[in-house]
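# Summary of the model geometry
Residues per chain, in single letters:
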Amino acid sequence: SAVISQKPSRDICQRGTSLTIQCQVDSQVTMMFWYRQQPGQSLTLIATANQGSEATYESGFVIDKFPISRPNLTFSTLTVSNMSPEDSSIYLCSVDSGSQGYEQYFGPGTRLTVT
Amino acid sequence: KQEVTQIPAALSVPEGENLVLNCSFTDSAIYNLQWFRQDPGKGLTSLLLIQSSQREQTSGRLNASLDKSSGRSTLYIAASQPGDSATYLCAVYTQGGSEKLVFGKGTKLTVNP
């Protein structure tokens, strides 16, 4: 299984500012995923990030609001831009096993509060 | 569009009871189904992964079943303990088109000592 770390673990930010969340994996992986979990809700996929190409965004999420970088096979960042209180959520990074079965592993999450 | 439903939304049981959590999905074209555990404010821990060709998986006191044709899965927890208290999430990895993991809203389990 993959071990995933995220930074920061939590943050409180002012409206209108931006926050960059880092995700580090202990092994090389092809695809990394970013999810959002709003209070009391389940997880929603924001985008899929492949190394060397542009991220693929799900319906309702746009690159200007959630720019993603994927500079190598073990690291990715998600930026939450021009934040509003509605962006207060847990943001989670995940990877899949890359082999038959595609088991997914998740990082510990970043709890973001926007005031 | 794949939709995943989990019933019940919340469950409270006394310690030692056996219990069943239910998950249903609308599109049977899946690669696999995965059960996760989430503690408050934390990330997800993978509990069991069932491939689309499998019927069940077991790990310790946990047993998960899959009936792909009817779009159902159950997670059975034997001899529940207070440490099992958490939210349990079911997710299906959907084939075709937008291949991705689709989550249910979870079942919040409380095991009382």
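Refer to the structure printed above.
Residues numbered from 1 in each chain as written. Chains lettered and ligands numbered in written order. Predicted model: local features only at pLDDT ≥ 70, side-chain atom pairs only at ≥ 80, totals over all residues. Heavy atoms only, no water.

## A short note on the overall build of chain B
Short version of the rule: By the criteria applied, helices consist of DSSP H or I runs no shorter than four residues and strands consist of E runs no shorter than two, each listed in order from the N terminus. Should any heavy atoms of two residues lie within 4.5 Å, those residues are counted as being in contact. Throughout, the Shrake-Rupley method with a 1.4 Å probe supplies accessible areas, and for residues the shown protein chains are the sole cover considered. Only four residue types enter the tally: Lys and Arg on the positive side, Asp and Glu on the negative side; His and the chain ends are excluded. Where a charge lies is defined by one atom per residue type, namely NZ (Lys), CZ (Arg), CG (Asp) and CD (Glu).
Each helix and strand counted, chain B has zero helices and eleven strands in total. Along chain B, from the amino end to the carboxyl end, the secondary structure elements read β-β-β-β-β-β-β-β-β-β-β. When its C-alpha atoms are laid out on the principal axes, chain B stretches across 45 × 30 × 20 Å. Taking as baseline every contact in chain B between residues at least 6 positions apart, the subset at least 24 positions apart corresponds to 54%. Roughly 5300 Å² of accessible area belongs to chain B as shown, and the carbon and sulfur atoms make up 47% of that amount. With 10 positive and 9 negative side-chain charges, chain B shows a spacing of 5 Å between the two charge centroids.

## Description of the layout of surface pockets
Regions of empty space are outlined by a rolling probe, equal in size to a water molecule, passed over the atoms. To keep it simple, the criterion reads: Space inside and on the surface of the protein is sampled on a 1 Å grid over the protein atoms alone, with a cavity defined as a set of points where a 1.4 Å probe fits but cannot get out and a pocket as an open set with protein on both sides within 12 Å along at least 5 of 7 lines; lining residues have an atom within 4 Å of a point. Grid points are joined across faces, edges and corners, and a volume is the space filled by probe spheres set on the points. Note that Gly is not counted as nonpolar here; it falls among the polar residues with everything else outside the nonpolar set of Ala, Val, Leu, Ile, Met, Phe, Trp, Tyr, Cys and Pro and the charged set of Asp, Glu, Lys and Arg.
Size it by volume and the largest pocket reaches roughly 550 Å³. Lining the largest pocket are 28 residues, and of these A:Q37, A:G40, A:Q41, B:Q38 and B:T87 sit closest to its centre. Looking at the lining of the largest pocket, the elements with two or more residues in it are β9 (89-96) and β11 (110-114) of chain A together with β9 (86-94) and β11 (107-112) of chain B. A per-class count over the lining of the largest pocket returns eight nonpolar, 15 polar and five charged. Volume-wise, the second largest pocket comes out at about 460 Å³. Along the wall of the second largest pocket there are 18 residues; nearest its centre are B:K1, B:Q2, B:K100, B:L101 and B:V102. Listing elements by their share of the lining of the second largest pocket, those giving two or more residues are β5 (43-50) of chain A together with β10 (101-103) of chain B.

## Let's talk about the state of the cysteines
We count it as follows: The disulfide criterion used throughout: a pair of cysteine sulfur atoms within 2.5 Å. Residue burial is assigned from relative accessible area. The probe radius is 1.4 Å, only protein chains are included, and a residue is buried under 20% of its type maximum, exposed over 50%, and partly exposed in between.
Applying the stated criterion across every chain yields a total of two disulfides over all chains. Between the sulfur atoms of A:C23 and its disulfide partner A:C93 the distance amounts to 1.9 Å. The S-S bond linking A:C23 to A:C93 shows a torsion near -65 degrees; that makes this disulfide left-handed. With A:C23 in strand β3 (residues 19-25) and A:C93 in strand β9, this pair connects stretches of sequence that are 70 residues apart. Owing to a relative accessible area of 0%, A:C93 belongs among the buried residues under this scheme. Paired by a disulfide, B:C23 and B:C90 hold their sulfur atoms 2.0 Å apart. With the S-S dihedral at roughly -60 degrees, the linkage between B:C23 and B:C90 falls on the left-handed side. Highlighted residues: B:C23 in strand β3 (residues 19-25) and B:C90 in strand β9, separated in sequence by 67 residues. Summarising the burial analysis for this pair, B:C23 and B:C90 share the class buried. In this structure A:C13 is a free cysteine whose sulfur lies 18 Å from that of A:C23, the closest cysteine sulfur available. We classify A:C13 as buried; its relative accessible area is 7%.

## Things to note about the packing of aromatic side chains
Any two aromatic rings considered together are summarised by their centre-to-centre distance and by the angle between their planes. The criterion, for reference: In this analysis, rings of Phe, Tyr and Trp, with Trp reduced to its six-membered ring, are considered paired at centre separations within 6.5 Å, and the interplanar angle assigns stacked below 30 degrees, edge-to-face beyond 60, and tilted for intermediate values.
Applying the stated rule across the entire model yields seven aromatic pairs over all chains. Geometrically, the ring pair formed by A:F106 and B:F103 is edge-to-face, given 5.9 Å between the ring centres and 75 degrees between the ring planes. With A:F106 in strand β10 (residues 104-106) and B:F103 in strand β10, this pair bridges two chains. Relative accessible area serves as the criterion here: at 9%, B:F103 is assigned to the buried category. Note on B:Y31 and B:Y93: the rings are 5.6 Å apart at their centroids and 85 degrees apart in plane angle, and the pair reads as edge-to-face. A residue pair is termed long-range when its members are at least 10 positions apart, and B:Y31 in strand β4 (residues 30-38) and B:Y93 in strand β9 qualify at 62 residues. B:Y31 gets classed as partly exposed once you look at its relative accessible area, which sits at 28%.

## Quick look at the pattern of salt bridges
Rules: Criterion for a salt bridge: a side-chain nitrogen of Lys or Arg within 4 Å of a carboxyl oxygen of Asp or Glu.
Using the criterion set out here, one finds four salt bridges over all chains in the structure. Residue B:K100 pairs with A:E58 through a salt bridge whose shortest N-O separation is 2.8 Å. Here the residue B:K100 occupies a position in the loop between β9 and β10, and A:E58 occupies one in the loop between β6 (56-57) and β7 (68-72), the pair thus bridging two chains. By relative accessible area, which is 13% here, A:E58 ends up buried.

Function-wise, these values are silent; they only describe arrangement.
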